[in-house]
Amino acid sequence: MKKRITIIAALLIFLLVFWFFKIAERQKSCKTLAVMTYNAQCFFDSVYNGCEFAEFGAKSKYWNDARYIGRLENLAAVITRHAADVLFLQEIENSRVIEDLFNFLPVSTPYKFACFAKEENGAFGCAVLSKYPIKSMQTHQFSFSKNGKIDRTSMRPLLQVQIAHPKTELVVFAVHWKSKKGSDAESDFLRYGQEFVLASQIEKIMAQYENAPENLPLVLVAGDCNRSIEEFESGTQQNQVVLHGKNRTIEMVSPWLIFNNSSAAPDTAGFANLAAPGSYCYQGQWSKIDNIFMVDSGNAGGNAFFSGFSVIADDGMLDQTGAPKRYFAFKGEGFSDHLPVWAEITF
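Because the structure is predicted, anything quoted here is derived from the model rather than measured.

Definitions and cut-offs
- Residues numbered from 1 in each chain as written.
- Predicted model: local features only at pLDDT ≥ 70, side-chain atom pairs only at ≥ 80, totals over all residues.
- Heavy atoms only, no water.
- Phe/Tyr/Trp six-rings, centres within 6.5 Å; stacked < 30°, edge-to-face > 60°.
- Helix = DSSP H or I, 4+ residues; strand = E, 2+ residues; numbered from the N terminus.
- Buried < 20%, exposed > 50% of the residue type's maximum accessible area, 1.4 Å probe, protein only.
- Axes fitted to C-alpha atoms, helices over the stretch in contact; angles between N-to-C directions.
- Parallel < 35°, antiparallel > 145°, perpendicular 65-115°, else oblique.
- Left-handed = near helix turned anticlockwise from the far one by under 90°.
- Contact = heavy atoms within 4.5 Å.
- Nonpolar A, V, L, I, M, F, W, Y, C, P; charged D, E, K, R; others polar.
- Pairing = 2+ DSSP bridges.
- Salt bridge = Lys/Arg side-chain N within 4 Å of Asp/Glu carboxyl O.
- 1 Å grid on protein atoms, 1.4 Å probe; cavity = no way out; pocket = protein on both sides within 12 Å on 5 of 7 lines; lining within 4 Å.
- Points joined across faces, edges and corners; volume = space filled by probe spheres on them.

## Considering the packing of aromatic side chains
- For the structure on display, the rule yields 15 aromatic pairs.
- Ring geometry for Trp177 versus Phe232: centroids 6.2 Å apart, planes at 40°, classification tilted. Taken together, the residues span a long stretch of sequence, with Trp177 in the loop between strand E9 (170-176) and helix H4 (184-208) and Phe232 in the loop between strand E10 (218-224) and strand E11 (233-234) at a distance of 55 residues. The same class applies to Trp177 and to Phe232, which are both buried.
- Consider the rings of Phe232 and Phe293, whose centres lie 5.4 Å apart with planes at 65°: the pair is edge-to-face. With Phe232 in the loop between E10 and E11 and Phe293 in strand E17 (residues 290-295), this pair connects stretches of sequence that are 61 residues apart.
- Owing to a relative accessible area of 5%, Phe232 belongs among the buried residues under this scheme.
- Judged by its relative accessible area of 1%, Phe293 is buried.

The structure is reproduced here in structure tokens:
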């Protein structure tokens, strides 16, 4: 009888070990990547160099070291609470802001690498912070001829970053397209130009893997497009948008559209957690101009998909009307006129 009990116990132990082994194998084969984008709204440091807006300039009675430190503390708190593997920031004055920000992030924060780019003499640019090593970065700029001369319209450059993720090749593009200030025709033209530059660079990456599309890197685009998701051209699938490059169109998946279409897809129940109906609110009208896209081209073995999506509004980030609580230097309070957007990708 004792021998039988021993055999049964051994069999149960074997089954439990096998069960845990299968769970471990499943977790090992199921990898995730969290990304977040946040337009931090006119994030200038406290050193005057001539590019600042008046509210933050040398003659401002309100902007000083103490208020700069307060903004750094607020931004660091948001980043820490929602620490993504890759973070995209817009409207950052210079690399010094990123260096100062690192000093306010706890040691436990995953970011060990960062890069920054802006146009020469521009007010601000884009930054990428990464948990994983940054292998390379490039910048691309849209320029055009006007009356026989190269137009010098100030625009933020496109930042292309290759990241050494341990499980997949990863290329990300940080964007901050032209605002809608000025005439609609002119601002639309400039954004379409920036779209063309982005799509053409993605096109080049895809061309390198034309004969082995299964090896194509995971390609992500994130940032402030100053174009709401409904204003993009629709793709062949309901969750896609289309960008136009030099020789082809690029289809990209948007978590905004997955959420919008979730009623038609029961498997997306619980997919999103939206603290607001958009990421930006102007005169009471919400829009979805802060975006995270994944190039829909069989990347990561054809298995990559958005598995989570959030619009973040922590305590103090919304004003009394429910809109993003923008920062005012003369008050020394607020966060940003945008809300952060977060997404998880499983591959």
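## Focus: the side chain of Ser187
- Relative to the helices and strands, Ser187 is located in helix H4.
- The exposure class assigned to Ser187 is buried, which follows from its relative accessible area of 2%.

## Focus: the packing of helix H2 (residues 65-81) against helix H3 (residues 95-104)
- Close contact between H2 and H3 brings their axes to 9 Å; oriented N to C, the two are set at 65°. Judged by the inter-axis angle, H2 sits roughly perpendicular to H3. Considering only the axes of H2 and H3, their crossing is right-handed. Together, Tyr68, Ile69, Leu72, Glu73, Leu75, Ala76 and Ile79 of H2 and Arg96, Val97, Asp100, Leu101 and Phe104 of H3 make up the contact between the two elements.
- The residue inventory of the contact of H2 with H3, partitioned by class, reads 9 nonpolar, no polar and 3 charged.

## Topic: the sheet that holds strand E14 (residues 272-274)
- A sheet is described by the order of its strands in space; here 7 strands give the open sequence E3-E4-E2-E1-E19-E18-E14, paired in mixed fashion. Each edge of the open sheet is held by one strand with a lone partner, namely strand E3 (113-117) and E14. Recorded for the sheet is a direction-independent mean angle of 15° between the axes of neighbouring strands.
- Each of strand E1 (32-43) and strand E2 (86-92) is contacted by H2, which is oriented at about 160° to E1, the strand it contacts most.

## Side note on the environment of Ser310
- Summarising the element assignment, Ser310 is placed in strand E18 (residues 305-311).
- Take Ser310: its relative accessible area is 14%, and that puts it in the buried class.
- Distance from Ser310 to Phe259, taken between C-alpha atoms, is 10.0 Å for residues 51 residues apart in sequence.

## Thoughts on the sheet that holds strand E13 (residues 249-253)
- In space, the 8 strands of this open sheet follow the order E5-E8-E9-E10-E17-E13-E12-E11, with mixed pairing throughout. Each edge of the sheet is formed by a strand with only one pairing partner; in this case those strands are strand E5 (134-140) and E11.
- Bridge analysis of E5 against strand E8 (residues 158-163) gives 6 bridges, and the strand direction is antiparallel. Along E8, the bridge assignment pairs Met137 with Val161.

## Some points on the pattern of salt bridges
- Throughout the structure, instances matching the rule amount to 9 salt bridges.
- Between Asp85 and Lys131 there is a salt bridge, with its nearest N and O atoms 3.9 Å apart. You can see Asp85 sitting in the loop between H2 and E2 and its partner Lys131 sitting in the loop between strand E4 (125-130) and E5, a full 46 residues away along the chain.
- Relative accessible area serves as the criterion here: at 12%, Asp85 is assigned to the buried category.

## Section: the layout of surface pockets
- The computed volume of the largest pocket comes to approximately 1200 Å³.
- What lines the largest pocket is a set of 46 residues, and nearest its centre among them are Ser179, Lys181, Tyr280, Asp337 and His338.
- When its residues are assigned to classes, the lining of the largest pocket shows 15 nonpolar, 17 polar and 14 charged.

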